[in-house]
Amino acid sequence: MKNYCGLVVAFALMAAASIFSCKKDKFRQPSAENVRLSIDSLTMTQFYALRIYVSWNMPDGYVLDPNVPTDKKASEHGICYNYTGNPTISDFKKKEYAGNAPDYVSLYLPESFRTIYFRVYVIINDIPYYSSQKSISTSGLRDPWEKELISGDFFDIREVVYDDNYGFAILGSVHTTDSPDSCWARLIKVDGEGNIQWSKDYRDHSYYQPYQLLKTRDGYAIISGRKDAAEGDILITKINASGVQVNRFVLDNAVNTLKGVYENSGQQLVLYTTKQHKNESSGAIWTWILDWPDQAVGEINYNVYDDFYQGGEAKKSIGNPEGWTCIRYIHIGSILNVTHYGADNHYKWNHEIESNEFGPKSGTMAGVNIRLNIQKNPVVLTYATFTPRRSISSLAVLDANTGRLLWQGFIYDPTFSIRSNGRTMATDFCQDIDGNYYSTGTSQSVDSNRVSRFIFKHNAEGRAQWYYRVSETDAITRKNVHSILITPEKMIYLFGTQKPEGASEANTRLYIFRAKE
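Residues numbered from 1 in each chain as written. Predicted model: local features only at pLDDT ≥ 70, side-chain atom pairs only at ≥ 80, totals over all residues. Heavy atoms only, no water.

Draft legend 1. Quick look at the overall build of the protein chain. Looking only at helices and strands, the protein chain features one helix and 36 strands. Residue burial in the protein chain is summarised as follows: out of 517 residues, 50% are buried. In the protein chain, of all internal contacts separated by at least 6 residues, the share reaching a separation of at least 24 is 49%. For the protein chain, the exposed area adds up to about 24,400 Å²; of that, 49% sits on carbon and sulfur atoms. (Helix = DSSP H or I, 4+ residues; strand = E, 2+ residues; numbered from the N terminus. Buried < 20%, exposed > 50% of the residue type's maximum accessible area, 1.4 Å probe, protein only. Contact = heavy atoms within 4.5 Å. Areas by Shrake-Rupley, 256 points an atom, 1.4 Å probe, with all protein chains shown as cover.)

This is the structure in structure tokens:
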């Protein structure tokens, strides 16, 4: 019996040794010199978007794909990084699991002017292997600051213009909480450092809502409309460079909506206006020449033949010596019409921007703003909203003579998948002296937990250049962005309002953000 037990124990020990030996051969670790990992190059596609080109050379018989039926495979591979050097998997990392190893790994790291160190890694049998490190420094906007100006009443920004002398004029509408039926214009002049030079109110005996500010050669012109546009008229207030009102003129109730305004070579104001007919499908178009102090001439008046008013229309429009261009909605908002009329008010062309151009799903189109670029072509800022709560914005540049689309560039937060899990709501755009476009607005995740203001740059040909995230807020309604302007020195300014948490409308604050590209 004793001999039998000894044999059993001997056989058991031999089996265990055999199993251990097989496992040892089966899971033999490769040497470090046989795992040849390297970072070939680092590039930045914009401020914070990095593309890391890598080589994944595994030992013979070993694979990176964890789905391959072999024991000689990596359980994980990717990029690790930190801001101090020699990163490991205990620092930040991005994993790559799918199939064959990618030629490059994309990362979005919103860190301005930081040096980031990277290493490629693989994990085999719970042991990590690393490449040598490489580093790159991010860029961004330099020397940002933000100032708040307390209004003391409800102040809503209507328009901001650059004053050509390193200052800005900010037009706002004002009312007090105890006088909701009273509204007037306020013009605030600030210098490039955000300091108020003067602030003046322009009250009238009637309710006039200011909605456009025009910089003239000797001051400004504020264009305001009556509370009830269907029965109202248009008030033009002329102001000198010091903010003193020097004249006013009211276009009577033959006016319904302002479509465009500019100052001609004779320092006269030229206004394009419309008046809707009672049948709501057509109306009269007027051209007014306002020669200060008191002469106004209605030049052209005729019925519109293309159902101008059908389906409603947007308020955004522009005017110049060649005519005027406006944004209209039709087909329940799925199509945006950009329509141009010549200086004689005759129809010239129409361009449709459809929501399906933004993606395969149908959505609702919105026209945000329209301006002329330095080539005198109309540029339209739009966004399409999809359900549930998803949206993407775009810039569309049209040919001034034909309305043909020259290019369209999309605006989106790179941290969100386009058209899938985020909202990008652009609110304004501008152009610098080199033809580059800068847009702004707010972006947020679908669950609204992540909200931020942004600046997005396209070059003159529409190619996306970079995305910059301004300091985040916890609610999109607390801090909005109304306007963006850039000086010839590439100094970028944002203008918006903020209502502190729990405060009344009377505590609305104007803020100015500035940064250098």
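Draft legend 2. Spotlight on the sheet that holds strand β1 (residues 36-44). One open sheet accounts for three strands, arranged β1-β2-β5; its pairing is antiparallel. Each of the sheet's edge strands pairs with one partner strand only, and the pair in question is β1 and β5 (104-108). Taking the axes of each pair of neighbouring strands and ignoring which way they run, one obtains an average angle of 25° across the sheet. Across eight bridges, the pairing between β1 and strand β2 (residues 49-57) is antiparallel. Its bridge partner lying in β2, Ser41 is registered against Tyr53. (Pairing = 2+ DSSP bridges. Axes fitted to C-alpha atoms, helices over the stretch in contact; angles between N-to-C directions.)

Draft legend 3. Looking closely at the sheet that holds strand β15 (residues 219-226). Taken in spatial order, the four strands of this open sheet run β14-β15-β16-β17, and their pairing is antiparallel. Each edge of the open sheet is held by one strand with a lone partner, namely β14 (208-216) and β17 (245-251). Here the strands of the sheet are splayed against their neighbours by 20° on average, with no regard to which way each runs.

Draft legend 4. The environment of Ile335, seen in detail. Inspection of the secondary structure puts Ile335 in strand β24 (residues 335-342). With a relative accessible area of 10%, Ile335 lands in the buried category.

Draft legend 5. Spotlight on the environment of Leu510. For Leu510, the position within the fold is in strand β36 (residues 509-516). Considering only alpha carbons, one finds Leu510 and Lys147, 363 residues apart in sequence, at a separation of 8.4 Å. Look past the residues within four positions of Leu510 in its chain and what remains in contact with it is Lys147, Glu148, Leu149, Ile157, Ile170, Ile188, Gly496 and Thr497.

Draft legend 6. A look at the nonpolar core. Ranked by internal contacts, the top residues of the largest apolar core, which has 35 residues, are Ile455 and Tyr468. Per-element tally for this core: the top contributor is strand β30 (residues 422-431), with four residues. Once residues lying within four places of it in the same chain are set aside, the contact partners of Tyr468 are Phe47, Tyr48, Ser112, Leu141, Pro144, Arg453, Phe454, Ile455 and Phe513. Counting residues in hydrophobic clusters, the runner-up holds 24 residues, among them Leu42, Trp56, Tyr62 and Val105. (Core = buried A, V, L, I, M, F, W, Y, C linked by side-chain atoms within 4.5 Å.)

Draft legend 7. Examining unusual backbone geometry more closely. Phi at Asp143 is positive, roughly 50°, even though this residue is not glycine. Note on placement: Asp143 falls in strand β9 (residues 142-150). Given a relative accessible area of 63%, Asp143 falls into the exposed group. With a phi close to 60°, Gln267 is a non-glycine residue in the positive phi region.

Draft legend 8. Spotlight on the packing of aromatic side chains. Counted under the stated rule, the structure contains 19 aromatic pairs. Residues Trp198 and Tyr220 carry aromatic rings whose centres are separated by 6.5 Å and whose planes lie at 70° to one another, so their mutual orientation is edge-to-face. On the criterion of sequence distance, the pair formed by Trp198 in strand β13 (residues 196-202) and Tyr220 in strand β15 is long-range, its members being 22 residues apart. Assessed through its relative accessible area of 14%, Trp198 is described here as buried. Grouping aromatic residues by their ring pairs yields a cluster made of Tyr262, Tyr272, Trp324, Tyr341 and Tyr347. Directly above the aromatic system of Trp184 lies the positively charged group of Arg203, at a separation of 3.6 Å from the ring centroid. Across from the ring centre of Tyr511, 4.9 Å away, lies the NZ or CZ of Arg453, which sits over that ring. (Phe/Tyr/Trp six-rings, centres within 6.5 Å; stacked < 30°, edge-to-face > 60°. Lys NZ or Arg CZ within 6 Å of the ring centre and 35° of its normal.)

Draft legend 9. Inspection of the pairing of strand β28 (residues 390-398) at higher detail. The element β28 is largely enclosed, with a buried count of nine among its nine residues. Residues Arg390, Ile392, Ser394, Ala396 and Leu398 line one face of β28 and the alternating positions Ser391, Ser393, Leu395 and Val397 line the opposite face, and both faces are buried. The pairing of strand β27 (residues 378-386) with β28 spans eight bridges and is classified as antiparallel. Bridge pairing in β28 places Val379 opposite Val397. Note that β28 and strand β29 (residues 405-411) share six bridges and pair antiparallel. Along β29, the bridge assignment pairs Ala396 with Gln408. Connecting the antiparallel pair β28 and β29 is a turn made up of six residues, with Gly403 showing a positive phi of about 80°.

Draft legend 10. Representation of the confidence of the model for the protein chain in the model. On average, residues of the protein chain score 81 in pLDDT, and 78% of them reach the 70 mark or higher. Taking the mean pLDDT of every element in the protein chain, the minimum, 48, falls on helix α1 (residues 2-26) and the maximum, 96, on strand β34 (residues 483-486). (pLDDT = per-residue confidence, 0-100.)

Draft legend 11. Region of the structure containing the side chain of Thr440. Tracing the chain through its elements places Thr440 in strand β31 (residues 437-445). Residue classification places Thr440 among the buried residues on the basis of a relative accessible area of 0%. Beyond its immediate stretch of four places on either side in the chain, Thr440 contacts Met425, Ala426, Thr427, Asp428, Phe454, Val481, Ser483, Ile484 and Leu494.

Draft legend 12. Representation of the pairing of β14. Of all nine residues in β14, seven are buried, a share of seventy percent or more. As defined by bridge partners, β14 adjoins β15 across eight bridges and the pair is classed as antiparallel. Paired with Gln212 across the two strands is Ile223, which belongs to β15. Linking two consecutive strands that pair antiparallel, namely β14 and β15, is a turn of two residues.

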